Amino acid sequence: KAVVSTQSTGKEELKPHVEKADVVMSCLGFALAWSEPVPYFRKIAMNISEAMKELGKRRVIFMHSWYTKPESWAHASFIMRNVFLRLVIGQVLAGMRLSEQFLETTDHLDYTCVLPAGLTNEPVTDKPFSTNDTESIVPDCPSRISRADVARYMLDVIDDEGSFRKVRAIGVGEAE
């Protein structure tokens with residue numbers, strides 16, 4: 001199977017890539033915003049959704065982040081909650097959440113939104129994953145995970161029907 005990387009975000013730009021794909025994976029990030037949710041996550045999810053619907057494709061996996069649901073912020077430390085989450089990345093997380101809410105309204109996609117903890121550049125591990133489908137964090141896991149382990153998880157769930165139509169927080173390792 002081939003992997004294609006694209007910076008395309010419009011529906012028509014995406015269609016040639018989606019047409020050749022068995023699964024679409026989106027790991028996009030955007031600049032911070034201060035006054036409103038970052039709109040691009042939802043817009044791209046909508047464009048991917050429309051392209052996939054037109055082409056009869058179903059499987060899509062998005063990488064977002066822990067804490068997309070504001071109620072999960074209660075699990076964060078005071079500084080993390082009131083400085084980093086609220087002031088630094090809050091609007092990015094809100095944009096991701098809008099995308100998740102959009103995906104929950106679709107009936108033609110087998111989506112998974114993977115919500116990893118803070119990303120590191122450490123190598124892949126063989127540690128087992130812990131998941132949480134009800135909160136946007138995994139409370140008993142370390143708050144850091146390697147990008148390589150996130151990729152490992154995303155590849156592991158491509159054909160896992162138990163992960164279809166889920167917004168799933170992931171973590172690895174022992175409780176902190």
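Structure first, text after, so check above.
Worth saying up front: this structure is predicted, and the values here are computed from it rather than measured.

## With respect to the overall build of the protein chain
- Looking only at helices and strands, the protein chain has five helices and seven strands in total.
- The helix and strand sequence of the protein chain, counted from the amino end, reads α-β-α-β-α-α-β-β-β-β-α-β.
- Compactness check: the protein chain gives a C-alpha radius of gyration of 16 Å against a globular reference of 16 Å for 176 residues, within 12% of the reference.
- Its C-alpha atoms put the protein chain at 45 × 40 × 30 Å along the principal axes.
- Expressed as a percentage of its 176 residues, the buried residues of the protein chain come to 44%.
- Put simply, the protein chain shows about 9,600 Å² of open surface, and 53% of that area lies on carbon and sulfur atoms.

## Brief notes about the nonpolar core
- In this structure, Ile48, Val60, Trp66, Tyr67 and Leu103 are the most contacted members of the largest nonpolar core, which totals 45 residues.
- Of all the secondary-structure elements, those providing two or more residues to this core are helix H1 (11-19), helix H2 (40-55), strand S2 (59-63), helix H4 (90-104), strand S3 (110-115), helix H5 (147-156) and strand S7 (166-172).
- The greatest single-element share of this core, amounting to six residues, is contributed by H2.
- When neighbours within four sequence positions are excluded, leucine 103 is seen to be in contact with Ala45, Phe62, Leu109, Tyr111, Cys113 and Arg165.

## Points about the pattern of salt bridges
- If you walk through the whole model with that rule in mind, you get ten salt bridges.
- Here lysine 11 and glutamate 54 are joined by a salt bridge, their closest N and O atoms 2.7 Å apart. Here lysine 11, found in helix H1, pairs with glutamate 54, found in helix H2; they are 43 residues apart in sequence, far enough to count as distant.
- Ionic pairing is found between aspartate 110 and arginine 58, a salt bridge with its closest N-O pair at 3.1 Å. Of the two residues, aspartate 110 sits in strand S3 while arginine 58 sits in the loop between H2 and S2, which places them 52 residues apart along the sequence.
- In this structure, a network of salt bridges that share partners links the residues Lys11, Glu12, Lys15 and Glu54.

## Here's the deal with the side chain of serine 26
- Tracing the sequence through the fold places serine 26 in strand S1 (residues 24-26).
- Classification of serine 26 as buried rests on a relative accessible area of 8%.
- Setting aside chain neighbours within four positions, we find serine 26 in contact with Ile48, Ile61, Phe62 and Met63.

Rules and cut-offs
- Here, residues in each chain are numbered from 1, in the same order as that chain's written sequence.
- Two thresholds apply to this predicted model, a pLDDT of at least 70 for residue-level local features and 80 or more for giving and counting side-chain atom pairs, whereas whole-chain, interface and lining totals are computed over all residues.
- The basis for every side-chain value is the complete set of heavy atoms in the structure, and neither hydrogens nor water enter the calculation.
- Going along the chain from the N terminus, every DSSP run of H or I of four or more residues is numbered as a helix, and every run of E of two or more is numbered as a strand.
- Only C-alpha atoms enter the radius of gyration, while the globule expectation follows 2.2 Å times N to the 0.38, with N the number of residues.
- Categorising residues by exposure relies on relative accessible area from a 1.4 Å probe, with only protein chains included: less than 20% of the type maximum marks a residue as buried, more than 50% marks it as exposed, and the intermediate range marks it as partly exposed.
- Per-residue and other accessible areas were derived by the Shrake-Rupley procedure at a 1.4 Å probe size, with only the shown protein chains allowed to occlude residues.
- Nonpolar core, defined: a set of buried Ala, Val, Leu, Ile, Met, Phe, Trp, Tyr and Cys residues in which side-chain atoms within 4.5 Å join the residues together.
- Whether two residues are in contact is decided by their heavy atoms, any of which lying within 4.5 Å being enough.
- Salt bridges are defined by distance alone: a side-chain nitrogen of Lys or Arg within 4 Å of a carboxyl oxygen of Asp or Glu.

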